[in-house]
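Listed below, chain by chain, are the residues.
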Amino acid sequence: MATKVITAEDVRKVAHLARLAVDESEIEALTQQLDSILDYVNQLSELDVTDIPPTTRAIEVSNVTRPDVLEPWPNREDLLAIAPDREDDFFRVPKIM
Amino acid sequence: MSVIQELHRQLVRKERSATEITQAYLDRIAAVEPTLHSFLTVTGDRALAQAAEVDQRLAAGEEIGLLTGIPLAIKDNLCTYGVRTTCASKMLEHFVPPYESTVTQKLQAAGAIMVGKTNLDEFAMGSSTENSAFGFTANPWNPERVSGGSSGGSAAAVAAGECAAALGSDTGGSIRQPAAFCGVVGLKPTYGLVSRYGLVAYASSLDQVGPLAPTVTDAAILLGAIAGHDPKDATSLSVSIPDYTQALKPDLKGMRIGVIQETVGEGLQPEVKSALEAALKTLEALGATIVELSCPRFAYGLPTYYIIAPSEASANLARYDGVNFGFRAEGASDLLEMYMKTRAQGFGAEVKRRIMIGTYALSAGYYDAYYLRAQKVRTLIKEDFAQAFAQADVLVCPTAPTTAFKAGEKTADPLSMYLSDLMTIPVNLAGLPGLSLPCGFDREGLPIGLQLIGNVLGEETLFHVAYAYEQATPWHQQQPQL
């Protein structure tokens with residue numbers, strides 16, 4: 001197999017950035033899968049993209065604006081009712097600091 | 001014959017009530033669901049209540065629109081107020097949206113009846129529905145085969161007659177590939193033609209909602225009902241929506257149809273190749289001119305997609321943090337641990353892989369090499385299509401390199417699963433409309449799909465070509481034996 005694109009250490013770092021707890025027993029398989037995907041996408045380096053502008057949206061529409069009109073949410077209770085944990089009108093979370 | 005038009009005729013002539021029609025679909029669902037599992041939620045009571053309202057309107061002598069009283073299925077990544085919307089993820093297993101998506105709102109306003117929410121790959125990431133957290137959807141033509149994905153539930157439901165038609169979403173082929181695998185018609189509209197408001201976001205620069213239907217006419221009717229500008233979606237286009245059924249004409253005189261040479265080489269199942277060749281002869285006999293042309297960067301669509309889509313997904317799925325809605329893991333002692341555990345337990349393996357690929361591609365030191373380069377290749381792919389459309393009105397290629405594969409065949413190797421979207425992905429990258437319709441069967445009796453690709457806002461031309469081909473061929477008249 002060719003040189004590794006991504007190492008186990010990279011995978012641990014990326015998992016942390018993405019806020020995904022990864023068990024140490026999963027790291028090897030995950031590294032191998034991500035490596036084969038990254039190795040595959042690296043074929044894009046075959047193309048010369050000098051002076052090619054990037055496409056950021058499929059169909060160009062820019063500066064879309066609308067009037068800034070206040071629209072109160074019609075069913076506030078629906079929003080609070082789906083919270084995993086709530087106290088009165090607040091979303092409860094575990095200790096922050 | 002159009003299923004929607006036939007049901008509409010029965011309703012206005014009072015041959016059947018909306019309640020009878022809806023009940024018949026609910027009975028069909030009850031009969032075939034143990035085999036197929038197309039639905040994650042069946043909304044029977046709600047559907048019958050909606051049907052009773054339609055019957056009251058009919059009894060009062062009201063005139064009804066084409067979609068009034070028509071039972072439809074909705075992919076379970078479209079938010080429906082008061083009806084749980086899971087995205088086939090443990091993360092949203094009990095999520096009841098506090099609002100309605102624009103497309104389902106439009107269908108409701110048109111009087112359509114929702115019979116249920118259909119299965120998909122988790123967060124629409126996959127090509128077989130095997131990434132659903134709640135079990136896969138079997139192919140109605142052979143339950144050992146996959147229905148395709150990610151809109152496999154909607155495609156199977158249409159093919160098996162569990163609904164008159166359905167909505168799906170398509171980021172890299174998720175309407176067209178399952179439509180091909182299940183032998184139905186599926187359309188991915190031009191990016192921006194249909195509102196994404198209320199569609200749970202996967203890759204926002206690629207996602208589009210579109211119809212899956214038994215015939216081209218049904219797909220045209222359904223697209224007309226959901227298309228149009230929406231102030232709630234800043235990427236939605238301000239264009240007037242034609243009556244797409246007016247575009248359905250039986251001959252193709254003067255139509256230039258381009259065959260993308262890069263799609264007919266190695267790697268195609270032989271029967272897929274011969275079905276394409278036969279379809280070209282039929283199109284020519286209908287008056288079209290066949291042009292051979294090249295999109296040299298077509299095959300780079302797949303690697304480009306697997307940088308751009310995961311990158312966008314890694315940002316879009318950051319919202320699932322266990323704070324405001326959705327799943328939260330138990331037993332975390334602080335906020336960071338709660339995020340880490342919630343996301344580890346709430347997401348499935350493929351979703352995690354894509355979030356990690358995207359996070360990696362966007363991280364410091366790698367952005368230029370991955371994300372920026374992919375955006376530049378996206379420009380090259382768009383340029384190839386622009387050149388192709390200087391020579392042809394519509395492009396054709398197979399929808400997928402093979403017919404429906406066996407369940408379990410590709411789950412161990414993510415990359416081999418990705419390859420089944422090779423033909424559909426470039427179309428999303430360029431924002432173009434693409435339609436899949438049945439063009440034959442392989443020796444196992446599995447449907448084969450023909451993909452038609454249109455220029456920007458070329459939906460009428462796509463429907464025209466698809467309709468002419470459909471009327472000249474017997475494929476859409478065949479039903480799976482269940």
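A quick note: this is a predicted structure, and the numbers were derived from the prediction, not measured.

### Points about the layout of surface pockets
- In this structure, the largest pocket encloses a volume near 450 Å³.
- Lining the largest pocket are 21 residues, with Cys79(B), Phe95(B), Tyr99(B), Arg319(B) and Phe325(B) sitting closest to its centre.
- Of the residues that constitute the lining of the largest pocket, the class distribution is 15 nonpolar, two polar and four charged.
- Taken as a whole, the second largest pocket holds about 350 Å³ of empty space.
- In terms of lining, the second largest pocket is formed by 15 residues, of which the most central are Trp73(A), Pro74(A), Tyr99(B), Tyr197(B) and Lys232(B).
- In terms of residue class, the lining of the second largest pocket is made up of seven nonpolar, four polar and four charged.

### Observations regarding the interface of chain B and chain A
- On the side of chain A, 52 residues touch chain B, which itself brings 65 residues to the contact.
- Summed over both sides, the interface between chain B and chain A buries roughly 5200 Å², with carbon and sulfur atoms accounting for 71% of that surface.
- Between Asp85(A) and Arg328(B) there is a salt bridge, and its shortest N-O distance comes to 3.9 Å.
- Joining chain B to chain A, the criterion identifies 15 residue pairs in polar contact (both at pLDDT 80 or more).
- Broken down by secondary-structure element, the contributors of at least two residues to the side of chain B that touches chain A are helix H9 (301–316), helix H10 (335–346), helix H11 (349–362), helix H12 (368–388), helix H13 (414–418) and helix H14 (425–429) of chain B.
- Sorting elements by how many residues they give to the side of chain B that touches chain A places H12(B) first, with eleven residues.

### Topic: a nonpolar patch on the surface
Residue and element names in this part refer to chain A.
- On the surface, a cluster of nonpolar side chains totalling about 370 Å² of accessible area is made up of Val-93, Ile-96 and Met-97.
- Here Val-93 lies in the segment after strand E2 (90–91).
- When its relative accessible area of 32% is taken as the criterion, Val-93 is described as partly exposed.

### A few points about the packing of H9(B) against H11(B)
All names here are of chain B.
- Following both chains from N to C, one finds H9 and H11 inclined at 100°, their axes separated by 7 Å at the closest point. The pairing of H9 with H11 is recorded here as roughly perpendicular in orientation. Contact with H9, carried on its side by Tyr-305, Tyr-306, Ile-307, Pro-310, Ser-311 and Ser-314, involves Arg-354, Ile-355, Ile-357, Gly-358, Thr-359, Ala-361 and Leu-362 of H11 and no other residues of that element.
- When the residues that make up the contact of H9 with H11 are grouped by side-chain class, the tally is eight nonpolar, four polar and one charged.

### Things to note about the sheet that holds strand E6 (residues 165–170) of chain B
Residue and element names in this part refer to chain B.
- The eleven strands lie next to each other as E1-E3-E2-E6-E8-E7-E12-E13-E11-E9-E10, forming an open sheet whose pairing is mixed. In this open sheet, the two edge strands, each paired with only one partner strand, are strand E1 (39–42) and strand E10 (289–293). Pairwise comparison of adjacent strand axes, ignoring direction, gives a mean angle of 30° for this sheet.
- Where strand E11 (residues 394–398) meets strand E13 (residues 447–454), five bridges bridge the pair, whose relative direction is antiparallel. Residue pairing in the sheet places Leu-395 in a bridge with Ile-453 of E13.
- On the sheet, helix H7 (residues 216–226) packs against strand E2 (71–75), E6, strand E7 (185–188), strand E8 (208–213) and strand E12 (434–441) and is oriented at approximately 145° with respect to E8.

### Topic: empty space enclosed by the protein
All names here are of chain B.
- By the definition in use, this model includes four cavities of 30 Å³ or more.
- The space that makes up the largest cavity amounts to roughly 90 Å³.
- In this structure, the largest cavity is lined by Arg-46, Gln-50, Leu-72, Ile-74, Thr-80, Glu-100, Thr-104, Leu-107, Gln-108, Ala-112, Ile-113 and Met-114.
- Elements with a minimum of two residues in the lining of the largest cavity: helix H3 (44–59), E2, helix H4 (102–109) and strand E3 (113–118).
- The element contributing the most residues to the lining of the largest cavity is H4, with three residues.
- Here the lining of the largest cavity is composed, by residue class, of six nonpolar, four polar and two charged.
- Empty space within the second largest cavity amounts to approximately 60 Å³.

### With respect to unusual backbone geometry
- Gly149(B) connects to Ser150(B) through a cis peptide bond whose omega is 10°.
- With a phi close to 55°, Asp88(A) is a non-glycine residue in the positive phi region.
- Checked against the element boundaries, Asp88(A) lands in the loop between strand E1 (86–87) and E2.
- Taking relative accessible area as the criterion, Asp88(A) reaches 59% and is therefore assigned exposed.
- A positive phi angle is found at Thr129(B), which is not glycine, with a value near 60°.
- With respect to the helices and strands, Thr129(B) occurs in the loop between E3 and strand E4 (138–139).
- According to the relative accessible area criterion, Thr129(B) is buried, its value standing at 0%.

### Things to note about the pairing of E12(B)
Residues and elements named next belong to chain B.
- The buried fraction of E12 amounts to seven of the eight residues, a majority that puts the element mostly inside the structure.
- Where E7 lies against E12, three bridges are found, and the strand directions are antiparallel. By the bridge assignment, Lys-188 is partnered in E12 with Gly-434.
- Alignment of E12 against E13, held across seven bridges, turns out to be antiparallel. Residue Leu-435 lies in a different strand from E13, and its bridge partner there is Leu-452.
- Taking the residues that link successive antiparallel strands as the turn, the E12-E13 hairpin has five residues, and the phi of Gly-445 there is positive, at about 85°.

### Here we look at the side chain of Thr424(B)
Residues and elements named next belong to chain B.
- Relative to the assigned elements, Thr-424 resides in the loop between H13 and H14.
- For Thr-424, a relative accessible area of 0% puts it in the buried group.
- Within polar-contact distance, the side chain of Thr-424 engages the backbone oxygen of Asp-421 at 3.1 Å.
- The contact partners of Thr-424, leaving out residues within four places of it in the chain, are Gly-172, Gly-173, Arg-176, Thr-399 and Gln-451.

How each quantity is defined
- Residues numbered from 1 in each chain as written.
- Chains lettered and ligands numbered in written order.
- Predicted model: local features only at pLDDT ≥ 70, side-chain atom pairs only at ≥ 80, totals over all residues.
- Heavy atoms only, no water.
- 1 Å grid on protein atoms, 1.4 Å probe; cavity = no way out; pocket = protein on both sides within 12 Å on 5 of 7 lines; lining within 4 Å.
- Points joined across faces, edges and corners; volume = space filled by probe spheres on them.
- Nonpolar A, V, L, I, M, F, W, Y, C, P; charged D, E, K, R; others polar.
- Contact = heavy atoms within 4.5 Å.
- Buried area = accessible area lost by both parts, 1.4 Å probe.
- Salt bridge = Lys/Arg side-chain N within 4 Å of Asp/Glu carboxyl O.
- Polar contact = N/O pair within 3.5 Å; in protein donor to acceptor, adjacent residues only side chain to side chain.
- Helix = DSSP H or I, 4+ residues; strand = E, 2+ residues; numbered from the N terminus.
- Patch = residues over 30% accessible without salt bridge, like charges linked within 9 Å, V, L, I, M, F, W, Y side chains within 5 Å.
- Areas by Shrake-Rupley, 256 points an atom, 1.4 Å probe, with all protein chains shown as cover.
- Buried < 20%, exposed > 50% of the residue type's maximum accessible area, 1.4 Å probe, protein only.
- Axes fitted to C-alpha atoms, helices over the stretch in contact; angles between N-to-C directions.
- Parallel < 35°, antiparallel > 145°, perpendicular 65-115°, else oblique.
- Pairing = 2+ DSSP bridges.

Limitation: the analysis is restricted to geometry and does not speak to function.
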